[in-house]
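Read off the chains here:
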Amino acid sequence: MAKKVRLIDTTKCMGCKGCQVACKQWNQLPATETTFTGSYENPADFAPETWGRVKFNEYESGGKVKWNMNFSSCMHCSDPACANICPVNAIHKMDNNAVLIDKDTCIGCGLCKTACPFDIPRIGNLTGKPASWKCTFCFDRITNGKGTACATACPTGAISYGDESAKIAEAEARVAELKKRGVAGAQLYGKEELGGLGVIYVLADTPDKYKLPVNPEVALSTYVWNVALKPVKFLAAVGLTFGLIGKIAEKKETMEKAS
Amino acid sequence: MTNHWIDYQHSDVIMNIGGNTAENHPISMKWIQKALDKGAKLIVVDPRFTRTAALADVYAPIRPGTNTAFLNGLINYAIVNNKYHKDYVKMYTNASSLINPAFGYSDGLFTGAEDAPARGPGQKSYKTDTWTYQRDAEGKILKDETLQDPNCVWQLFKKFYSRYDVKTVSELTGCPEDKFIEVAELFCSTGQPGKAGNISYAMGITQFSHGSQNTRAISILQLLLGNVGIAGGGVNAQRGQINVQGATDMGMLYHILPGYMPMPRDGQDLAAYNAATPAGGFWVNRPKFIAAMLKAWYGDKATAENDFCFDYLPRLDKDRSSVAYYTYMAKGEIKGLFCFADNPVVSGASTIKKRKAQAKLDWLVCADLFENETAAFWKAPDMNPAEIDTEVFLLPAAAPFEKEGTVANSGRWIQWRNKAQEPTGNAKSDLWIVDKLFKAVRELYKKEGGAFPAPILEMTWDYGNEPDVAKVCMEINGYYVADGKLMTGFADFVNNDPGVVAAGAWIYAGFYQDAANPNCKRRIKETEGIGSNLEWSWAWPMNRRIVYNRASCDAAGNPWNPDLPVVWWDGKEWKRHDVPDFNAAVPPEDTASKAFIMTPELQARLFAAGMVDGPFTEHYEPWESVTKNKLTGNVEFNPCSTVWYPEDRGSAEDYPYIATTYRLVEHYQTGAMTRNMPWLKEAMPEMFCEISPSLAAKIGVSNGDMVEVESKRGKIKMKAAVTTRVRPLIINGEEKEIVGMPMHWGFMGLSTGATCNDLSPTIGCANTTIPEFKSFICNIRRAG
């Protein structure tokens, strides 16, 4: 199966959250208890039962209000840090570009969350045992000839799904078109980042204006961890019993927050 | 809509004013996006920077309640800057018609104003004997085709709208002058042949004490720019509910019968009703439409001799609008209420009063998916169940996808939908409920007699034991009384004497013309053309997708835009991408100047004598306002609106902020369905209000804090969203703040919250009585 990508054209997104609800509906995920905190962005974070959500960013630029909305979910990286760090090899990169977590193998240690440059996976007890949860790229749909639920639900074509080469060409043409129309900040995101993502964005401004990391990086420690512990990954997983990995993960998170 | 959703793709400029298309009609953005992809521009005019504004090329702020002034300003801008479509105006509007020299206006009133104490202290009604055309001895309208006569519509029109210069409009609306000019330049660029401008709107235009004049102003602007009848143009009312178009088509409003025929007035017999038939245009056939409707309702009992049972119809004795009947209920004059899929205790005006009024009912029947606030009014926090004797019945109703039938969309397309799944539990379709109810009521009349049993006992009601929607559709479509043959269109009315055909709603004639293959079930996508998709479902009238489409061509039948022809004359005959809205059997010269077939003068009206509150669109302040209107003298708000509770009007000293209400994409109407849907509750969990950072600083509130908003009608608590998307505006030199509140919450369901309509006033549009939800005044303070 050819490599597939999700194309998110933020210049067509109106924040209707159809994608967010379609994701929950198709995957039969329960609702999260949320509260209104002053933003339309809800749920305000990913959760084991929240794999995709619309982010809102409101700011001023040149005296004008800007209100950017875009669907956020797993990026299905070409070289997924989550898969590399997983101590039990529960995370797999598939030929069609999907990054999948094997729930039977996953022990819910949370290292994937700490390794993810986009802070996507969440650990929870959805099916009776701790595991890591995130977008599956609608693997059940895309392997049966359908687009992802989010793309299928999108009314304006802000989210679409298709072959990598065709979608990248489409995105590049869109950026060129936007530039021609005077959107000076129009740019592509996801083609080069981390060696190519499974989600390509068309942006009208810099990535930070869409709550995307400007230079997404996989922490060096992730590589070290992966290389150093590869032979003893299973043992490391056992180490979980003693909370060792959990502690390392916790420490990394604290360091990241501090930085 | 004059046009339809798919046609949005053809616009050069789309102005969304008094609407929020991305949030309330999200699927429309698909077609707007197609237009934008082709280089079109989107303008959003709104008090708040909405999700639609986020995608707009130009966003212009506006003070709630000043759309007329804004639109009048655009009208004047087009005139003084010579940006209007001259040939179109001359040919297709009444610009050249001469008006009674005695007509005039001053200080906010047109000639003929008389005191109307029944409408409230200081309110007026108009004697319209000066709002008339000059006519010759044969009754023909006198015209000056040079448009120079000082009493011709064009000269009067120019003078009237000249008062709405950019500075005045900016002071009234709060839209900065440069921003207004930017909008005016862009939108008026469609005033040339070959360009199409679309105005899309919704309740932010209609829900005012002057709502109808707002809509008029849109129509006038579009006529001036030559944007009516063409592809990509139009006056496009985006209906806010799944089948509200169908509901109004079927005469659900208090003042109309199906097909927009007027409700008979008190004391009016059929002769008097028919005598009021318009003298020209397609409405001359109205006596045939009413006879057909009565034949559908009363069958063999309806004969020419007994006026087709016209006297069985209820008469409109007084204002029976939703605003009015709750005032009667409050006085104990209404004993029972049926509420189908309606939740007025959240969506009505002054909902505190509505809850109290319902306590005066003997009985209340609600049919809904959930126990909504109207059914549960007695449980409201401010009600005491011990003091309420109203007996409440809640009937479980099927959801839209649990029943088959048709829905009519904003573009007038009547589309059949199959049932997707069986109703939950014992829920039944509305048709089933009404059918059983009618039959039971008729049994009671049979047994007990009653005051006036004939209209019930003699009514045709034969949809089967379990009612069949197809049978109802065929009755609405119309059939020949003699043999039951289904009608195919208007010719069946026109070519026959009254009573030969029976038809429930004349405008639907043709939608269900064949029992086996009804037009409303067609699903053939267009392969070439302009997106009319004439073989996909069916649109009233006569499957026409763009109404008044004769106006898309010049006198000789050449399309103003040859690249997007709707209809065109090829030298020998009319060619078409749509169903012609004119006699296409005759050469173009015979239909030039006759594009607007629903007016007797066959032209569109820049001057419209039929409006209750004036033939031109004067800007009136909302009933409650934070400022004075320099243009209207002592007249503060619409002089023809009925004031039900004068004591309920707040003053700007006590309530210095402008309140406006609206919807969010996450919820639907009163939230009765969506607040019970966990995924949607999750997406927008709580009631809130939106205020500017400057107002938040003034009252000491941070984002997410609780606030109390108060109007003369009540006070409610909610969280504050402090956002730069809401900004104070400079109104007549003073800075004024806006408080925005969504209308989705109530005290029932999974997600509960304050109802913003606890604050809204009981005042309605002078023409339609639609409540003024979009602009009233309030105070706001930190809560706790």
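Residues numbered from 1 in each chain as written. Chains lettered and ligands numbered in written order. Predicted model: local features only at pLDDT ≥ 70, side-chain atom pairs only at ≥ 80, totals over all residues.

1. Comments concerning the overall build of chain A
Test applied: Secondary structure elements follow DSSP: runs of H or I no shorter than four residues count as helices, runs of E no shorter than two count as strands, and numbering proceeds from the N terminus. Three classes are used. A residue is buried when 20 or more other C-beta atoms lie within 10 Å of its own, exposed when 12 or fewer do, and partly exposed in between, with C-beta atoms placed from the backbone. Distance between backbone-placed C-beta atoms decides contact: two residues are in contact if it is within 7 Å.
When helices and strands are tallied, chain A shows 9 helices and 10 strands. When each of the 259 residues of chain A is scored for burial, the buried share is 46%. For chain A, the share of sequence-separated contacts (at least 6 apart) that also reach a separation of at least 24 residues comes to 61%.

2. Details of the confidence of the model for chain B
The condition is simple: The pLDDT value tells you how sure the predictor is about a given residue, anywhere from 0 up to 100.
Averaged over all residues, the pLDDT of chain B equals 97, while 100% of them reach at least 70. Per the prediction output, this complex has pTM 0.96; the corresponding ipTM is 0.94.

3. Comments concerning the pairing of strand E1 (residues 13–17) of chain B
Residues and elements named next belong to chain B. What counts here: A pair of strands is treated as paired once DSSP finds two or more bridges between them.
The buried fraction of E1 amounts to 5 of the 5 residues, a majority that puts the element mostly inside the structure. Neither face of E1 is left uncovered, since the one carrying Val13, Met15 and Ile17 and the one carrying Ile14 and Asn16 both have all their residues buried. Judged from the 5 bridges that link them, E1 and strand E2 (residues 41–45) form a sheet pairing that is parallel. If you follow Asn16 over to E2, its bridge partner there is Val44. Bridge analysis of E1 against strand E8 (residues 197–201) gives 4 bridges, and the strand direction is parallel. Each bridged residue has a counterpart across the sheet, and for Ile14 the counterpart in E8 is Asn198.

4. Overview of unusual backbone geometry
Residue Pro43 of chain A follows Asn42 of chain A across a cis peptide bond; omega there is -5°. Tracing the chain through its elements places Pro43 of chain A in the loop between helix H1 (18–27) and strand E2 (53–61). The peptide bond linking Trp540 of chain B to Pro541 of chain B adopts the cis configuration, its omega dihedral lying at -5°. The phi dihedral of Asn82 of chain B is positive, around 60°, even though this residue is not glycine. On the secondary structure map, Asn82 of chain B appears in the loop between helix H3 (67–80) and helix H4 (86–92). The backbone of Ser350 of chain B sits at a positive phi, close to 50°, despite the residue not being glycine. The residue Ser350 of chain B is located in the loop between helix H14 (344–347) and helix H15 (351–358) in this model. Assessed through the 28 C-beta atoms surrounding it within 10 Å, Ser350 of chain B is described here as buried.

5. Focus: the packing of H3 of chain B against helix H6 (residues 166–173) of chain B
Residue and element names in this part refer to chain B. Threshold: Here, axes are lines fitted to C-alpha atoms. For helices the fit covers the stretch in contact, and angles between N-to-C directions go from 0 to 180 degrees. Each angle gets one of four labels, with under 35 degrees taken as roughly parallel, over 145 as roughly antiparallel, 65 to 115 as roughly perpendicular, and the rest as oblique. A clockwise turn of the near helix away from the far one marks a right-handed crossing, whereas an anticlockwise turn of less than a right angle marks a left-handed crossing.
Where H3 contacts H6, the two axes come as close as 9 Å, and the packing angle between them is 165°. It follows from the interaxial angle that H3 and H6 lie roughly antiparallel. Once H3 is placed against H6, the crossing between them reads as left-handed. Across the interface between the two elements, Ala69, Phe70 and Gly73 from H3 touch Val166, Val169, Leu172 and Thr173 from H6.

6. Focus: the sheet that holds strand E10 (residues 199–203) of chain A
Residue and element names in this part refer to chain A. What the 4 strands build is an open sheet, ordered E8-E1-E10-E9; its pairing is mixed. The sheet terminates laterally at strand E8 (159–163) and strand E9 (187–189), the two strands that pair on one side only. Pairwise comparison of adjacent strand axes, ignoring direction, gives a mean angle of 25° for this sheet. Here E9 pairs with E10 via 3 bridges, running antiparallel. Among the inter-strand pairings, Gln187 is bridged to a residue of E10, identified as Leu203. Against the sheet, helix H6 (residues 164–180) engages strand E1 (4–9), E8, E9 and E10, with an angle of about 20° to E1.

7. Concerning the interface of chain A and chain B
It is common to give the size of an interface as the accessible area lost on bringing the parts into contact. Selection criterion: The residue classification treats Ala, Val, Leu, Ile, Met, Phe, Trp, Tyr, Cys and Pro as nonpolar and Asp, Glu, Lys and Arg as charged. All others, Gly included, are polar.
Counting residues at the interface gives 26 residues for chain A and 30 residues for chain B. Looking at the side of chain A that touches chain B, the elements that each hand over two or more residues are H1, E2 and strand E3 (64–72) of chain A. The biggest single contributor to the side of chain A that touches chain B is H1 of chain A, with 4 residues. Considering only residue class, the side of chain A that touches chain B consists of 10 nonpolar, 11 polar and 5 charged.

8. Points about the packing of H6 of chain B against helix H7 (residues 177–188) of chain B
All names here are of chain B. Packing of H6 against H7 brings their axes to within 9 Å, and their N-to-C directions diverge by 115°. Relative to H7, H6 is oriented roughly perpendicular. You can see that H6 and H7 cross each other, and the crossing is right-handed. Together, Val166, Lys167, Val169 and Ser170 of H6 and Glu177, Phe180 and Ile181 of H7 make up the contact between the two elements.

9. Some points on the nonpolar core
Nonpolar side chains in soluble globular proteins generally cluster together in the buried interior. Residues and elements named next belong to chain B. This is how it is decided: By convention the nonpolar core is taken to be a set of buried residues drawn from Ala, Val, Leu, Ile, Met, Phe, Trp, Tyr and Cys and joined through C-beta atoms within 7 Å.
Ile43 and Leu74 are the most contacted members of the largest nonpolar core, which totals 162 residues. Element by element, the count of residues in this core is highest for H3, at 7 residues. Not counting residues up to four positions away in its chain, the partners in contact with Ile43 are Val13, Ile14, Met15, Asn16, Ala56, Asp57, Val58, Ala60, Val183, Leu186 and Phe187. Grouped together as the second largest cluster of nonpolar side chains are 40 residues, Leu294, Tyr508, Ala509 and Trp540 included.

10. With respect to the pairing of strand E13 (residues 363–368) of chain B
Residues and elements named next belong to chain B. Examined bridge by bridge, strand E12 (residues 336–340) and E13 share 5 bridges and lie parallel to one another. Paired with Gly336 across the strands is Trp363, a residue of E13. One ladder, built from 6 bridges, connects E13 with strand E14 (residues 391–396); its direction is parallel. Bridging from a neighbouring strand, Asp368 pairs with Pro396 of E14.

11. A closer look at H6 of chain A
Residues that lie three or four places apart on an α-helix share one face, since the helix turns once every 3.6 residues. All names here are of chain A. The condition is simple: Any helix carries an expected span of 1.5 Å times its number of residues minus one. As used here, the arc belongs to the directions running from the helix axis to the C-beta atoms.
When the terminal C-alpha atoms of H6 are compared, their 24 Å separation across 17 residues agrees well with the 24 Å that a helix rising 1.5 Å per residue should span. Residues of H6 that are buried: Lys167, Ala171 and Val175. Each buried residue of H6 lies within a common arc of 80° when the element is viewed along its axis, so the set occupies one face. In H6, those exposed residues whose orientation departs by more than 90 degrees from the buried face are Ser165, Ala166, Ala169, Ala173, Ala176 and Lys180. Its buried side turned inward, H6 meets E1, E8, E9 and E10. Directly beyond the C-terminal end of H6, a positive phi value near 100° is found at Gly182.

12. Focus on the sheet that holds strand E9 (residues 235–237) of chain B
Residue and element names in this part refer to chain B. Ordered by their spatial adjacency, 5 strands build an open sheet running E3-E2-E1-E8-E9, and the pairing between neighbours is parallel. The open sheet has two edge strands, strand E3 (58–60) and E9, and neither has a second partner. This sheet shows a mean twist of 20° between the axes of neighbouring strands, independent of strand direction.

13. Looking at the environment of Ile242 of chain B
All names here are of chain B. Positionally, Ile242 belongs in the loop between E9 and helix H10 (244–249). Along the sequence, Ile242 and Ser410 sit 168 residues apart, while their C-alpha atoms lie 9.1 Å from each other. In contact with Ile242, not counting residues within four places along its chain, are Pro400 and Val407.

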